[in-house]
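An overview of the molecular structure
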Amino acid sequence: MPRDFQIPSTYRSEKISTLKTIRRELDSRKRDFEPTVFSFANVDIALARFFGFCFGVENAIERAYQAVEENPNKRVFLLSEMIHNPFVNQNLQARGVRFLQSTEGKSFISLSELTPEDIVIVPAFGTTVELFRELEERGIPFQSYDTTCPFVEKVWKRSNQLGSLGFTVVIHGKHEHEETRATFSHASTNAPSIVVRDKKEAQQLIDCIRGTVSSEDIVSRFSERMTPGFDPQKDLERIGVVNQTTMLASETHEISLMFRAAFLEKYCEEGLRGHFADTRDTLCYATNENQTAAQALAASGGDLALVVGGYNSSNTSHLVELLEKSCPTYFIRDAEEIEDESLIRHLDIHLWEVRSTRAWFKKKSPKLRVLVTAGASCPDAVVEGVIQKVLQMSGDLEQYDQVFERTLERLRVNVGHPSGSLPVLGQG
Ligand code: SF4
C-alpha cells in the first residue's frame, strides 16, 4: 500500500485520486499499462495508466509544507526549486519560502547570509557534497528537512559502492541538471566519474575503449563533465552506468548494453565481470512506470497528445519524446496554455522555445481522441484542469461528472476480480 502523503488539497483531484486507487486495486502488480479511456460524445480522452506525482515528489512537498508550519517565526529557504513545477514552487514562495539558488546552481542568496536559526530545505534532487559540507561548516541545520529522494540516494550509494570496487561511474544525465550535478559530486568522492548525455556521447567513450578515439580527444570533449585527472586510458577499463533518475530509462539501459558489448568483445565472457558492473537496480520505479505507460498510451493511438508539466522538468520532456513519435504532441504547463481550438502555447523540446500553434484542435467524426499524461512533478489538479479545458472546446464539459463517474463505476465492477480485464469504457 503506497504511503498517503499529507500534501495540500489544491494539488489533488478527487476524481483522479479515485481513478488511481481503483486502477491500483485492479492491478496491484502493475502489469497493465493500458490507458483509461473516458468516452464523451465528441471526444475520447485516453489518460495514461501512470502519470503525475511520484513518491519522491510527494515526500518533498509534504516536508516543505511541514517546514513552513513547524517554524512560523523562522526564515525558510530552499536550496533550489523544490521540484520542477512552477505551480508548486510559486505556492511555496507565496508562503515565504525563498530560493538560495537557481536550478542551474546560480546563487540568488549567499550562504553567508544564513544563520543557524534559519531553516534550509534540501529538494528531492538532493545536492552536492560541497554544498552539504558548506551548510554543515556554517552550522546551518538541514537534516530535518532534507527531502532528497531515496531513489536518488540509492544511485549515490551504488556509485560509492562501484568506486570501492574500483569501477568508474558513467552517469547518464544532463550535466547542468541539479540532480546530475549532485550525483556527479557524490560519485566523484570515491570514483573517477564522467557524465554522458546520450548514446552518441556514450559511443565516443566506447570508441576510446576500442582505441579508435584518443584519450586526448575524450579529455577535451568531456573536460567539464569528468573528475579532475580523469585518465580515459585507465579509467575506462572498468565501468558501471548509473543515471539521472528521470532520463529515458530505455536509453540508460541501451547505454549499459553498449558498454557491455564493448567489454564482451574485448575481454570475452570470462573477463566481462571484471570490467562491467550490472547496475540495473538503480533505475527509478516512477520513471519506468510513467515512461512505459506513455509508450502504451502512444501505442493506443490518438489524434493528438497533451503532456503536462513544468518546462524545465526533465522527466516530462522524455514523455514528450515518447508520444511525439505517434501523433502531434503539445508540452504544456497547464490549461492556461490552451487559448482555444485555434491556439495553443507549448514548449518545443527540440528548439527549446515556446511556440504558438494555430488550428491545433480540430473536431472530427465520429470523434477526436486526445491522449493525456503528465510528468512526475505535475499535480493531478493541473491535469484535471487540462482535461476540463479540452471538454469545454469539444462541447462535452456538461457531461464531465457523469462520464467520469460512469467510467469509474465500470472499473469498480472489476475490482476484486483479478482475472477481469478492463471493461469497454464508453457512453451509455
Ligand atoms: S522521479 Fe524517481 S527518483 Fe525522482 S523524485 Fe520521483 S521517485 Fe524520486
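Keep in mind it's a predicted model, so treat the numbers as computed, not measured. (Residues numbered from 1 in each chain as written. Predicted model: local features only at pLDDT ≥ 70, side-chain atom pairs only at ≥ 80, totals over all residues.)

Attention shifts here to the overall build of the protein. A count of helices and strands for the protein gives 14 helices and 15 strands. For the protein, contacts bridging at least 24 residues in sequence account for 72% of all contacts bridging at least 6. (Helix = DSSP H or I, 4+ residues; strand = E, 2+ residues; numbered from the N terminus. Contact = placed C-beta atoms within 7 Å.)

On to the sheet that holds strand β6 (residues 168-172), then. What the four strands build is an open sheet, ordered β7-β6-β8-β9; its pairing is parallel. Single-partner strands in this sheet number two, and they are β7 (193-196) and β9 (276-277). When β6 meets β7, the two strands line up parallel, connected through four bridges. Paired with H172 across the two strands is V196, which belongs to β7. (Pairing = 2+ DSSP bridges.)

Right, let's get into the sheet that holds strand β4 (residues 98-99). In sheet architecture, strand pairing relies on hydrogen bonds along the backbone and comes in two forms, parallel and antiparallel. Ordered in space as β4-β3-β5, the three strands form an open sheet in which the pairing is parallel. Strands with a single pairing partner mark the edges of an open sheet, and in this sheet they are β4 and β5 (119-121). Sheet topology places strand β3 (residues 76-78) next to β5; three bridges connect them, and they run parallel. When the sheet's bridge partners are listed, V76 is paired in β5 with I119. Lying on the sheet, helix α2 (residues 55-70) is in contact with β3 and β5; it crosses β5 at an angle near 170°. (Axes fitted to C-alpha atoms, helices over the stretch in contact; angles between N-to-C directions.)

So, on to the site of the ligand. Neighbouring residues of the ligand: 15 residues in total, closest C54, G56, C149, T245 and C284. When residues of the shell around the ligand are traced back to their parent elements, those giving at least two are α2, α5 (150-164) and α11 (285-299). Looking at side-chain class alone, the shell around the ligand contains 10 nonpolar, five polar and no charged residues. (Near = placed C-beta within 6 Å. Nonpolar A, V, L, I, M, F, W, Y, C, P; charged D, E, K, R; others polar.)

The next subject is helix α1 (residues 14-26). Taking 1.5 Å as the rise per residue, α1 with 13 residues should run 18 Å; its terminal C-alpha atoms sit 18 Å apart, in good agreement. For α1, the complete set of buried residues consists of I16, K20 and R23. On an axial view of α1, the arc spanned by its buried residues comes to 70°, and they lie on one face. Exposed and facing more than 90 degrees away from the buried side of α1 are E14 and S17. On the buried face of α1, the contacting elements are β1 (36-39) and α13 (380-394). (Expected span 1.5 Å × (residues − 1). Buried ≥ 20, exposed ≤ 12 C-beta atoms within 10 Å, placed from the backbone. Arc of directions from axis to C-beta.)

Along its sequence, the protein is organised into domain 1 (9-54 + 286-414), domain 2 (55-145) and domain 3 (150-283). Inter-centroid distance (C-alpha atoms) of domain 2 to domain 3 is 30 Å. Every contact between the two is made by 11 residues of domain 2 and, on the other side, 10 residues of domain 3. Taken together, the residues that form the side of domain 2 that touches domain 3 break down as two nonpolar, seven polar and two charged. (Domains from an automatic or database assignment.)

Another point: unusual backbone geometry. In most cases, non-glycine residues show a negative phi, while peptide bonds are predominantly trans. Backbone torsion omega between S365 and P366 reads 0°, so that peptide bond is classified as cis. The topology assignment puts P366 in the loop between β14 (353-358) and β15 (368-374). Even without being glycine, K30 reaches a positive phi, approximately 55°. Along the chain, K30 turns up in the loop between α1 and β1. We classify K30 as partly exposed; it has 15 C-beta atoms within 10 Å. In this model, A359 sits at a positive phi of 45°, which is unusual for a non-glycine residue. For A359, a count of 9 C-beta atoms within 10 Å puts it in the exposed group.

For an α-helix the count is 3.6 residues per turn, leaving residues at separations of three or four pointing the same way. In this model, α5 (15 residues) spans 21 Å end to end at C-alpha, consistent with the 21 Å of a helix rising 1.5 Å per residue. Looking at α5, one finds that the buried residues are V152, V155, W156, S159, L162 and G163. One side of α5 carries all its buried residues, which in axial view fall inside an arc of 120°. What points out from α5, more than 90 degrees from its buried face, is the exposed set P150 and S164. Buried residues in α5 make contact with β6, α6 (178-188), β8 (239-243) and β9. A positive backbone phi angle near 85° is found at G166, which sits one or two residues after α5.

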